[in-house]
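Per-entry structural report
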Amino acid sequence: MIETWLRTDDLPAEERLPHWHRLAEIGWGPTTVSVPEAAEFRSTSRALRLGSLVMTVEDLQPVHLARSQAQVRCSDPERWHLVLLAEGVCRFAQDGRADEFSAGDLLLHHTSAPFTGEVTASTSLFLQFPRKLGLTGLESLTSTRIPADRGIGALVAGCLRELGGLPAGRAAEADRLAGATLDLLNVLSARVRGTPSAPEAHPAALYAAVCAFIRANLADPALDPAMIAAAHHISVRYLHRLFQQEGQTVAAWIRDQRLERCRRDLADPLLRDRPAHAVARRWGFTDGAHFTRVFRAAFGLPPGAYRRLVQAGSLSRTE
């Protein structure tokens, strides 16, 4: 996994837009780009290359994009672009469809047909992947607003956020999340086309989606296998089987995630005035004595002693 950063502020003003344009065309192919004021153009991005896939998180100033039929014939990298808009507004048109996208929406487009796009100042996460991967039916989703706050769209967005936040050294986890994202995208396109797609046919995608759901709901003391299974329209038995295939149990995975969040909070100097029992409640532990026991078992020290040693510099924040 290769990590690359681009900060146009590191370049002279006259080189910022041309340099960004050259890099962008690696993924888009020849594209016409215009901006309100070239000298004011800004972009900051972090890209993770995962074999033939590229995951990018980018802050971008307003830009207008257009890829013509002549430019497609000239050169086509034959790639899909799956975009989660975190901030801003984007208008996009391709394959005879046009829509406006805002924060929390997913957008899918590709390089093998003309497109136009207009982006306000925005933050986005996007995954590039080759068309030759052979995912079926994605054309039904191009330039169509996909809400990321519910259903399969929320699961796709959760995987993208997890991917975008991964450190560069977590290649195995990145590969799994990327695969799960594409599996979920296949499920989504099947739903749009009216083609049945059982969750059991996409276990990697479902497992990643379940993990993202658990992380998002760790603060809820009611989080349990029944709640998780109901949210994903599967049986509790199948949920347990998913985790067994990973050498885990659902309850242990929830506990470990909660303990890790508590450990981070206890090590955070900005939270030093928050009592340990309040940290525990924040992450779903309702019994203080139980929290102390499982924390000591996991990290070798009770919560208070761990906090004191970390805050004093006697213990690493990652230990």
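As a starting point, this report considers the structure included with it. The residue numbers shown here count from 1 along each chain, following its written sequence. pLDDT decides what is reported in this predicted model: residues at 70 or higher carry local features, side-chain atom pairs at 80 or more are listed and counted, and totals for whole chains, interfaces and linings draw on all residues regardless. Hydrogens and waters are ignored; side-chain quantities use all the structure's heavy atoms.

A closer look at unusual backbone geometry
In this structure, Glu78 takes a positive phi of about 55° despite not being glycine. Of note, Glu78 is situated in the loop between helix H2 (69-74) and strand S6 (79-87). Non-glycine residue Asp95 carries a positive phi angle of around 55°. Using a relative accessible area of 35% as the deciding quantity, one classes Asp95 as partly exposed. Helix and strand definitions follow DSSP, with helices as H or I runs of at least four residues and strands as E runs of at least two, each counted in order from the N terminus. Only protein chains enter the accessibility calculation, which uses a 1.4 Å probe; a residue whose area is less than 20% of its type maximum is buried, one above 50% is exposed, and one in between is partly exposed.

Comments concerning the sheet that holds strand S10 (residues 115-119)
Taken in spatial order, the five strands of this open sheet run S2-S5-S10-S7-S8, and their pairing is antiparallel. Among the strands making up the open sheet, the edge pair consists of strand S2 (32-34) and strand S8 (97-102). In this sheet, adjacent strand axes meet at a mean angle of 10° when their direction is disregarded. Here, any two strands with at least 2 DSSP bridges between them count as paired. The pairing of strand S7 (residues 89-94) with S8 spans six bridges and is antiparallel. Directly across from Val89, in S8, lies its bridge partner Ser102. Two residues qualify as a contact provided that any one of their heavy atoms is within 4.5 Å of a heavy atom in the partner residue. Throughout, an axis means a line fitted to C-alpha atoms (over the contacting stretch in the case of helices), and angles, computed between N-to-C directions, take values from 0 to 180 degrees. Sitting on the sheet, helix H1 (residues 13-28) is in contact with S2, strand S5 (63-67) and S10, with an inclination near 40° to S5.

Quick look at the sheet that holds strand S12 (residues 146-147)
With respect to topology, seven strands assemble into an open sheet ordered S1-S3-S4-S11-S6-S9-S12, the strand pairing being antiparallel. Of all the strands in the sheet, just strand S1 (2-7) and S12 have a single pairing partner and so form its edges.

Some details on the pairing of strand S4 (residues 53-60)
Counting buried residues along S4, six of its eight residues qualify, which places the element largely inside the surrounding structure. Sheet analysis places strand S3 (residues 43-50) next to S4, joined by eight bridges and oriented antiparallel. When the sheet's bridge partners are listed, Leu48 is paired in S4 with Met55. Note: S4 against strand S11 (residues 122-130), seven bridges, orientation antiparallel. Looking at the pairing, Asp59 lines up with Thr123 of S11.

Considerations on the packing of aromatic side chains
Two rings belonging to Phe, Tyr or Trp (six-membered ring only in the last case) form a pair when the distance between their centres is within 6.5 Å. Interplanar angles under 30 degrees mark stacking, angles over 60 mark edge-to-face geometry, and anything in between is tilted. Across all of its chains, the model carries ten aromatic pairs by this definition. Residues Phe295 and Tyr306 carry aromatic rings whose centres are separated by 5.5 Å and whose planes lie at 70° to one another, so their mutual orientation is edge-to-face. Placement of the pair is Phe295 in helix H10 (residues 288-299) and Tyr306 in helix H11 (residues 303-311), with a sequence separation of eleven residues. For Phe295, a relative accessible area of 0% corresponds to the buried category. Using a relative accessible area of 1% as the deciding quantity, one classes Tyr306 as buried. Residues Phe299 and Tyr306 carry aromatic rings whose centres are separated by 6.1 Å and whose planes lie at 40° to one another, so their mutual orientation is tilted. Pairwise contacts between aromatic rings join Phe285, Phe291, Phe295, Phe299 and Tyr306 into one cluster.

So, the environment of Leu239
Mapped onto the elements, Leu239 comes out in helix H7 (residues 236-244). Once the C-alpha coordinates of Leu239 and Ile228 are considered, the two residues, eleven residues apart in sequence, prove to be 8.2 Å apart.

What to know about the nonpolar core
Nonpolar side chains in soluble globular proteins tend to end up buried together. With 36 residues, the main nonpolar core has Leu82, Leu106, Leu127, Phe129, Leu160, Leu163 and Leu185 as its most contacted residues. Broken down by secondary-structure element, the contributors of at least two residues to this core are S3, S4, S6, strand S9 (105-110), S11, helix H3 (151-164), helix H4 (171-193) and helix H5 (203-216). The biggest single contributor to this core is H4, with nine residues. Residues within four places of Leu160 in sequence aside, it is in contact with Met55, Leu82, Leu84, Leu106, Leu125, Leu127 and Thr181. We define a nonpolar core as any set of buried Ala, Val, Leu, Ile, Met, Phe, Trp, Tyr and Cys residues linked to one another through side-chain atoms lying within 4.5 Å. By size, the runner-up hydrophobic cluster in this structure holds 30 residues, among which are Ile234, Ile254, Leu259 and Phe291.

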